[in-house]
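# Summary of the model geometry
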Amino acid sequence: MTEAIRTTCAYCGVGCGISATPTGPRSVTIKGDEQHPANGGRLCSKGTHLGETVGLTGRLLHPMIGNRRASWDKSLDLVAKKFRDTVDRFGPDSVAFYVSGQLLTEDYYVANKLMKGFIGTANIDTNSRLCMSSAVAGHNRAFGEDIVPASYDDLDEADLIVLVGSNTAWCHPIVYQRIQAARAERGTKLVVIDPRRTETCEGADLHLAVKPGTDVALMNGLLAWCDQEGVTDPAFIADHLNAPEGFWEHIRTGHDLWTTAKTCDIAPALLEQFYKLFAATARTVTLFSQGINQSIRGTDQVNTIINVHLATGRIGKPGAAPFSITGQPNAMGGREVGGLASTLAAHMDFAPENVERVGRFWAAPTMATKPGLKAVDLFRAINEGRIKALWVMATNPAVSLPDANRVREALEAVPFLVVSDIIADTDTSVHADVRLPAAGWGEKDGTVTNSDRTISRQRPFMALPGEAKPDWWIIKEVGRRMGWRNAFAYDRPADIWREHARLTAYQNDGARLLNLRAQATIGNDAYEAMEPFRWGGDKPFADGRFSTPDGKARLVLTKQMDLQEPLQQWPMTLNTGRYRDQWHTMTRTGLSAKLARHREEPLVEIHAEDAQELGIADGDLAQVSTAQGNSIFRVGLSDGQRRGEIFTPIHWTDQISTGGRTGLLPRPLVDPHSGQPGFKLTPARIEKVATEWKGFLILRGEQPARVPCLWATKVTVPGGALYEVAGNGDPARLEACLPKGDRVEAVDVSRGTRRVAIIKDGKLAGVLFVTRTGLLPSRDWLIGQLEAEEVGASVLAARGPSSQPDKGPTICVCFDIGLNQIVAAIRDQSLVDVPAIGKAIGAGTNCGSCRPALANILAQIPQETLHAAE
Ligand SMILES: Nc1nc2c(c(=O)[nH]1)N[C@H]1C(S)=C(S)[C@@H](COP(=O)(O)OP(=O)(O)OC[C@H]3O[C@@H](n4cnc5c(=O)[nH]c(N)nc54)[C@H](O)[C@@H]3O)O[C@H]1N2
Ligand SMILES: Nc1nc2c(c(=O)[nH]1)N[C@H]1C(S)=C(S)[C@@H](COP(=O)(O)OP(=O)(O)OC[C@H]3O[C@@H](n4cnc5c(=O)[nH]c(N)nc54)[C@H](O)[C@@H]3O)O[C@H]1N2
Ligand code: SF4
Ligand SMILES: [Mo]
């Protein structure tokens, strides 16, 4: 029996501890780590199903130069030479790295050191620019340092939790479960501020469906209310805060309840309820994420939230804090090493004394002396020919940057592109001159920092596959080959960790709260055995001292601007975000058949009345257009959408679909302080797309084929893949996607229906069902036949001898329980709450990610029908 390895989840910034027990070379049993402070043994659906994503499907296993396999030596020499030559010819500012909050701290540190101390430019930016940079800029403005002044324990101690622009139930499910536990145990109140009614609202006491982009008005109105009600803390304000000229006059003018309610388009009574609750509850945590950060006024939005906490003294105390919750597993570690183009290293900026200090510490030959290009500007600079060599690590900008079609042009145009990834073909890597195979989760070795400053180890439990190498190793090898052998002489992650820790402590007289002095001398064994720990203490700023020169925090004067100007050509507003069971560009979660069940296609969600006016029905295809481009989505009617607003998911790529690509739609406009793009608000248009036929394709085994039709989306299913397809012209061309084998076929001319199955050695190898006017059968039974021993022509009936009733869309992915089964159980057994559903049929009793969905289903079934059933 192999021993369990304690590691940290690959995905979100909650940073859950995992206990992984290998069961074979590429298989593992995953459990929550009961000892880990972030999760205490719990895992959400994504963490629970990590085991399904550690196979080698699609992995990049060897360095590739163009489409040819190459040795590490040759590939690394080429990368080093191209970067060296480019710097020699065009200067250091002609090269760039674009890295990721999914690198480990050790990887990140080496990349940052190579660029800022040795190549001599700060042109290293990260996808955290798209994610956390407004929070970083907001913290710096308010506190003088990028400190998250909260911990998860505060959620247990708060009496009120306000979620602003955060779909916590889907994106930080274990934090959400913790909040729900606090509600159940101590009656903590929960308020959600989000234009959409998400599943996060199912367990909330109040939901404010604000007009998008009006959070500044909402929070300034809240501060005005607190001021008027005498809830501000005059002593704290006098002793610990600096307010700019005219700050309070500004707050006291035009921020009354009625004006604010109008600006935010919320009923005044509802707004008053929130304001009263906030004013009455000293222990308040305001947790925020992308609805706040991803705005062209993101930094102001962050500061407006922080202003309220500062002015009411609700900071540095148990259960009272503004809480920027991070997205990626190591977003925070990246901030700590200084991996953003706008920071230098270890919470130091580009002030001359910092450049000098870090330069001395690194013994650096050519220090960067000024901030580098931020992500959106970086790709613009490539398109303008100013960047001639780019190295992308652990991010997929062809999908995830705004105006992604222009980004693809840049990736194509840059004279030399290196991509380090774990996957061979991504929308980004298909443009690469050199592809370098990186170690993935379960193979990587190092540290990550989660949302509440807890540093945990990611430990390997599988051997490196093929020739894959850890990111830190790849970067230091390039550094050495560029001529800096001693500066990059690391043998193991612990060497890098100690150096990073020493830098945080170097000449740090207390001016920087980030100080890992105690880690600077730890031995390799101690690093190996490191337990999760939180830096900066439990309550930063508890003494009212901040990291500014005078020790006082700063209030920032912010003004609401109208961000949502309806334009005739673009009458709708496009909002974008995440699904519960997919991670970003799906290179990993897309491998799991279980996780695919929650949402099998990318939906554009729209209010029913908007849809009706536009002649669009549920399940139709529709094209979403913006000034940047257009893409097709499946329509999902949703009463959680405000009128005039549509929502699309960020996950789908060219690798798995022909449409559903959100990234090409948003404007490349950014916040002036942080450079973070305004992903949540883009003027848009939507129109129905009619197709002559629709259908589906199910294929056994691995499926590299692209399906030649207008609409095709692929999901992993047990034993193969399912494609939903639709298009015009003759659907027969799709038959090219079917494998060779015995063919059985059924045609119904009147409905324009054709059903084809390919059987190989008695087993089902593929099916194609298309119809012009008829209905399509449920896919579930056919998918089940992929793993059946023997099938015959009867498979075309798409129904077994004792066919089960249709389960409906999967709600509980752990136990594969569908909507219809849940509704039936609720009706038949008169179930009244989520635990009762769990007792009756098990749904929601494993990872718990679907509990908000169960609550939603319950809420939609009228109680009378339950009594009728009794
Ligand atoms: N399942 C899953 N979980 C994830 C990820 C994933 O890909 N999948 N990614 C991780 C990462 S990197 C991140 S950054 C986090 C993101 O986590 P979240 O920020 O929770 O996720 P999003 O869906 O991007 O957006 C949050 C909400 O902001 C709302 N919003 C839009 N505009 C406004 C506005 O003007 N005001 C307010 N108040 N709200 C607005 C949206 O309607 C949306 O519901 O999730 C992390 N966790
Ligand atoms: N419209 C819109 N766009 C958005 C957002 C939005 O809300 N709306 N959100 C933004 C946010 S917050 C984020 S964080 C980004 C995320 O966007 P991306 O960072 O582009 O998305 P990922 O799919 O996480 O990309 C990670 C890549 O790294 C690879 N990888 C995984 N592990 C490793 C490793 O250990 N080493 C290496 N070298 N590679 C690895 C994966 O295969 C994948 O190709 O998207 C942003 N884009
Ligand atoms: S909440 Fe889920 S995705 Fe996030 S770290 Fe925990 S298990 Fe992983
Ligand atoms: Mo993110």
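Whatever comes next refers back to the structure up there.
Residues numbered from 1 in each chain as written. Chains lettered and ligands numbered in written order. Predicted model: local features only at pLDDT ≥ 70, side-chain atom pairs only at ≥ 80, totals over all residues. Heavy atoms only, no water.

### So, the packing of helix α26 (residues 819-829) against helix α28 (residues 851-860)
At a minimum axis distance of 11 Å, the contact between α26 and α28 shows a crossing angle of 55°. The orientation of α26 with respect to α28, classified from their angle, is oblique. Both α26 and α28 take part in a crossing whose hand is right-handed. For the pair α26 and α28, the contacting residues are L819, I822, V823 and I826 in the first and L854, I857 and L858 in the second. (Axes fitted to C-alpha atoms, helices over the stretch in contact; angles between N-to-C directions. Helix = DSSP H or I, 4+ residues; strand = E, 2+ residues; numbered from the N terminus. Parallel < 35°, antiparallel > 145°, perpendicular 65-115°, else oblique. Left-handed = near helix turned anticlockwise from the far one by under 90°. Contact = heavy atoms within 4.5 Å.)

### Comments concerning the packing of helix α4 (residues 133-143) against helix α14 (residues 298-311)
For any two helices packed against each other, one specifies the crossing angle of their axes together with the interaxial distance. Direction vectors running N to C along α4 and α14 enclose 45°, while the axes themselves pass 8 Å from each other. The angle between α4 and α14 places the two elements in the oblique class. Considering how the two elements wind past one another, α4 and α14 form a crossing that is right-handed. Side by side, α4 and α14 meet where S134, A135, A137, G138, H139, R141, A142 and F143 of the first sit next to G298, T299, D300, V302, N303, I306 and L310 of the second. A breakdown of the residues in the contact of α4 with α14 according to their chemical character gives 7 nonpolar, 6 polar and 2 charged. (Nonpolar A, V, L, I, M, F, W, Y, C, P; charged D, E, K, R; others polar.)

### Describing helix α2 (residues 72-90)
A rise of 1.5 Å per residue sets the reference length of α2, with its 19 residues, at 27 Å; its end C-alpha atoms lie 27 Å apart and thus fit the reference within 8%. Considered for burial, the residues of α2 that qualify are W72, S75, L76, V79, A80, F83, T86 and V87. Down the axis of α2, the buried side of the element spans an arc of 135°, and every buried residue falls inside it. Residues of α2 that are exposed and point more than 90 degrees away from the buried face comprise K74, D88 and R89. Among the residues trailing α2, G91 stands out with phi positive, at a value near 90°. (Expected span 1.5 Å × (residues − 1). Buried < 20%, exposed > 50% of the residue type's maximum accessible area, 1.4 Å probe, protein only. Arc of directions from axis to C-beta.)

### Concerning the sheet that holds strand β3 (residues 27-32)
Read from one edge to the other, the open sheet built from 3 strands follows the order β1-β2-β3, with strand pairing classed as antiparallel. For this open sheet the edge positions go to β1 (5-8) and β3, each flanked by a neighbour on one side alone. Ignoring strand direction, the axes of neighbouring strands in this sheet form an average angle of 40°. Where strand β2 (residues 17-24) lies against β3, 6 bridges are found, and the strand directions are antiparallel. Within β3, the residue paired with S19 across the bridge is K31. (Pairing = 2+ DSSP bridges.)

### Here we look at the site of ligand 2
Q102, S400, D421, K444 and T585 are the nearest of the 32 residues found near ligand 2. A distance of 2.9 Å is found between a nitrogen atom of ligand 2 and a side-chain nitrogen or oxygen belonging to T576. Side-chain polar atom of T585 to an oxygen atom of ligand 2: 2.6 Å apart, as the coordinates give it. For ligand 2, whose accessible area on its own is 920 Å², the fraction buried by protein is 99%. Residue classes in the shell around ligand 2 are distributed as 11 nonpolar, 15 polar and 6 charged. (Near = heavy atom within 4 Å. Polar contact = N/O pair within 3.5 Å; in protein donor to acceptor, adjacent residues only side chain to side chain. Areas by Shrake-Rupley, 256 points an atom, 1.4 Å probe, with all protein chains shown as cover.)

### Focus on the sheet that holds strand β15 (residues 416-421)
Overall, mixed pairing links the 7 strands, which are arranged β5-β4-β16-β15-β14-β6-β7 in an open sheet. Of all the strands in the sheet, the pair left with one neighbour each is β5 (68-69) and β7 (124-126). Relative to β5, strand β4 (residues 64-65) runs antiparallel, the two sharing 2 bridges. Following the sheet pairing, I65 is matched in β5 by R68. Packing against the sheet, α2 makes contact with β4, β6 (95-99), β14 (389-393), β15 and β16 (434-437), and its axis sits at approximately 130° to β16. Its contacts with the sheet put helix α3 (residues 105-119) on β6, β7 and β14, and the angle it makes with β6 is roughly 165°.

### Re the site of ligand 1
Close contacts around ligand 1 come from 33 residues, with D194, S289, Q290, R578 and Q582 the closest. One of the backbone nitrogen or oxygen atoms of G165 is found 3.3 Å away from a nitrogen atom of ligand 1. Residue H584 places a main-chain N or O atom 3.0 Å away from an oxygen atom belonging to ligand 1. Computed on the free molecule, ligand 1 has an accessible area of 920 Å², of which 99% lies beneath the protein chains in the complex. Counting only elements with at least two residues in the shell around ligand 1, the list comes to α6 (168-171), α13 (290-293) and β21 (572-577).

### Notes on the nonpolar core
In terms of nonpolar packing, the biggest core is built from 63 residues, with I193, L218, F274 and L310 touching the most fellow members. In terms of residues, this core owes the most to one element, helix α8 (residues 215-228), which gives 8 residues. Counting 52 residues, the second-largest nonpolar core is a separate cluster that includes Y109, F118, A122 and V355. (Core = buried A, V, L, I, M, F, W, Y, C linked by side-chain atoms within 4.5 Å.)

### Quick look at the side chain of E106
When you line up the elements, E106 lands in helix α3. Notably, E106 is buried but unbridged: the nearest opposite-charge side chain belongs to R457, and the N-O separation is 6.2 Å. With near-sequence residues (within four places) excluded, E106 lies in contact with G446, T447, W472, P493, I496, W497 and Y527. (Lys, Arg positive; Asp, Glu negative; His and termini not counted. Salt bridge = Lys/Arg side-chain N within 4 Å of Asp/Glu carboxyl O.)

### Points about the pattern of salt bridges
This structure, assessed with the given rule, holds 61 salt bridges. E499 is the salt-bridge partner of K113, the closest N and O atoms lying 2.8 Å from each other. Linking K113 in helix α3 with E499 in helix α21 (residues 493-505), this pair joins segments that are 386 residues apart in sequence. You can call K113 buried: its relative accessible area is 3%.

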